[in-house]
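Reading the structure
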Amino acid sequence: ELLRGSDRQCIELMRMSREAYVRLCTHFRYKLWLHDSRHVSVEEKMLIFLTIIGHNERYVVINRRFQHSSQTIHKYFHEVLAAMMTFAREMIVPSTFDPNPDNPGAHKSLRWIFKVFYFLILYIYIYGAVGALDGTLVHAIISSSQQTVYRGRGKGKCYQNVLGICDFNMIFTFVYAGWEGVAHDSRVLTEVMAAPSNNFPFPPPSKYYLCDAAYTNTRGFMAPYRNVRYWLGDFRRRRAMTKEEKFNHAHAKLRNVIKRAYGVLKARFPILDKMAPYPFNVRNVVIACFAVNNFIRKEKINDELFAQYE
């Protein structure tokens, strides 16, 4: 019914278009990450998985929808989730740091900024930006003995702090999930960079990730001027006046790309805002959401969420 029905039906159920769903299933078949079972096809396995992370529905609701037992739903959800970890290693990869200034994806926003701000200092420094870096809080189900360190800034709820880097095409190039919600963003970054096993993608010389004032302004990471207006809302009533404010305004406009990328991700997968108490690895679910989101963007599929946050 989904494959023959309207595109709207697919979007409402799986949070993606029919074209994206078909391409995703085809990709998993081609890579041999998923196979048809005796009674359940790859398409239905993927549909079960996408329905759960797209609507945060409990197994009892999924049971009625697909007419399978809870045990079957549990089995195929975890089968797809395991395949998603291999998929994520293919989808979430560092940028190639293309030096070509005419790259339409990476530098589209940069060229627009240059037309607005005719300042050599902005060209010299901000043109070296290869992406934006920031942390975000994702809801987590934590055992009572560990809840204190996960409450953090979440108004009593438990959250994990996720570190992400995206390029200027809203594609995530690095994700690290699982840190406690109470952990400060700069500490998460420091610890992730310190462990070689995390394969943190350090930018090449003279290149930078744009980050907010929560991070240290050092080689490879460009933060805004402190104690100077920065957030875009601060400039709506009164335009930037000093060179520091003009720099911060341009910096905020560019770094806003990661806020929009997180906006698409959380709008697509409500499970990130309120995780259901399922018996699964919460960190892996988060990584899977990032990977699926990247797939839709990389395949250049028309997507209403990306169009909304463009």
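Residues numbered from 1 in each chain as written. Predicted model: local features only at pLDDT ≥ 70, side-chain atom pairs only at ≥ 80, totals over all residues. Heavy atoms only, no water.

1. Focus on the overall build of the protein
This is how the line gets drawn: Per the convention used, a helix needs a DSSP run of H or I reaching at least four residues, while a strand needs a run of E reaching at least two, with both numbered from the N terminus. Burial here depends on accessible area, computed with a 1.4 Å probe over protein chains only, as a share of the maximum for the residue type. Under 20% is buried, over 50% is exposed, and the range in between is partly exposed. Pairs of residues are marked as contacts when any of their non-hydrogen atoms sit within 4.5 Å. Here the Shrake-Rupley method, with its probe set to 1.4 Å, supplies the accessible areas, and only the displayed protein chains count as covering residues.
A count of helical and extended segments in the protein gives twelve helices and five strands. Considering the protein as a whole, with its 310 residues, one finds that 51% of them fall into the buried category. When contacts within the protein are restricted to residue pairs at least 6 apart in sequence, those whose partners lie at least 24 apart make up 62%. Summed over its atoms, the accessible surface of the protein is roughly 15700 Å², and 51% of this surface lies on carbon and sulfur atoms.

2. Regarding the packing of helix α2 (residues 18–30) against helix α11 (residues 282–298)
Condition: For helices, the fitted line uses only the C-alpha atoms of the stretch in contact; every axis is such a line through C-alpha atoms, and the angle between N-to-C directions lies from 0 to 180 degrees. Angular relationships are summarised with four words: roughly parallel below 35 degrees, roughly antiparallel beyond 145, roughly perpendicular across 65 to 115, and oblique for the angles in between. Two helices that cross are described as forming a left-handed crossing if the nearer one is turned anticlockwise from the farther one by less than a right angle, and a right-handed crossing if clockwise. In this classification, Asp, Glu, Lys and Arg are treated as charged, Ala, Val, Leu, Ile, Met, Phe, Trp, Tyr, Cys and Pro as nonpolar, and every other residue, Gly included, as polar.
Relative orientation of the contacting elements α2 and α11 amounts to 110°, with a least axis distance of 11 Å. One way to sum up the angle between α2 and α11 is to call them roughly perpendicular. At the point where α2 passes α11, the crossing takes the right-handed sense. Where α2 abuts α11, its residues A20, R23, L24 and H27 lie against V292, F295 and I296. Its residues assigned to classes, the contact of α2 with α11 comprises five nonpolar, one polar and one charged.

3. With respect to the environment of Y159
Tracing the sequence through the fold places Y159 in strand β2 (residues 159–166). Taking the C-alpha atoms as reference points, Y159 and I141, 18 residues apart in sequence, are found 8.0 Å from one another.

4. Observations regarding the nonpolar core
Quick note on the threshold: Side-chain atoms within 4.5 Å are what join buried Ala, Val, Leu, Ile, Met, Phe, Trp, Tyr and Cys residues into a set we call a nonpolar core.
Counting residues in each nonpolar core, the largest one holds 70 residues, and the members touching the most others are M46 and M84. Take this core: its biggest share by element is eleven residues, from α11. The contact partners of M46, leaving out residues within four places of it in the chain, are Y21, L24, C25, F28, L34, V80 and M84. Core analysis: the next-biggest nonpolar cluster, separate from the first, contains 16 residues, W179, A183, V192 and F221 among them.

5. Some points on the side chain of D303
Keep this limit in mind: Pairs of N or O atoms are called polar contacts if they sit within 3.5 Å, as long as, within protein, a hydrogen donor faces a hydrogen acceptor (for residues adjacent in sequence, only side-chain-to-side-chain pairs).
Residue position: D303 is located in the loop between α11 and α12 (304–309). According to the relative accessible area criterion, D303 is buried, its value standing at 11%. Within polar-contact distance, the side chain of D303 engages the backbone nitrogen of L305 at 3.1 Å. Not counting residues within four places of it along the chain, the set of residues in contact with D303 comprises R268 and I296.

6. Here's the deal with the confidence of the model for the protein
Where we set the bar: What pLDDT expresses is the predictor's confidence in each residue, scored from 0 to 100.
Averaged over every residue, the pLDDT of the protein is 83; residues scoring 70 or more account for 81%. When mean pLDDT is taken per element in the protein, α2 scores highest with 95 and helix α7 (residues 120–126) scores lowest with 51. Note that residues 99–106 has pLDDT below 50 and, in this model, twelve contacts with residues that lie over four places away or in other chains.

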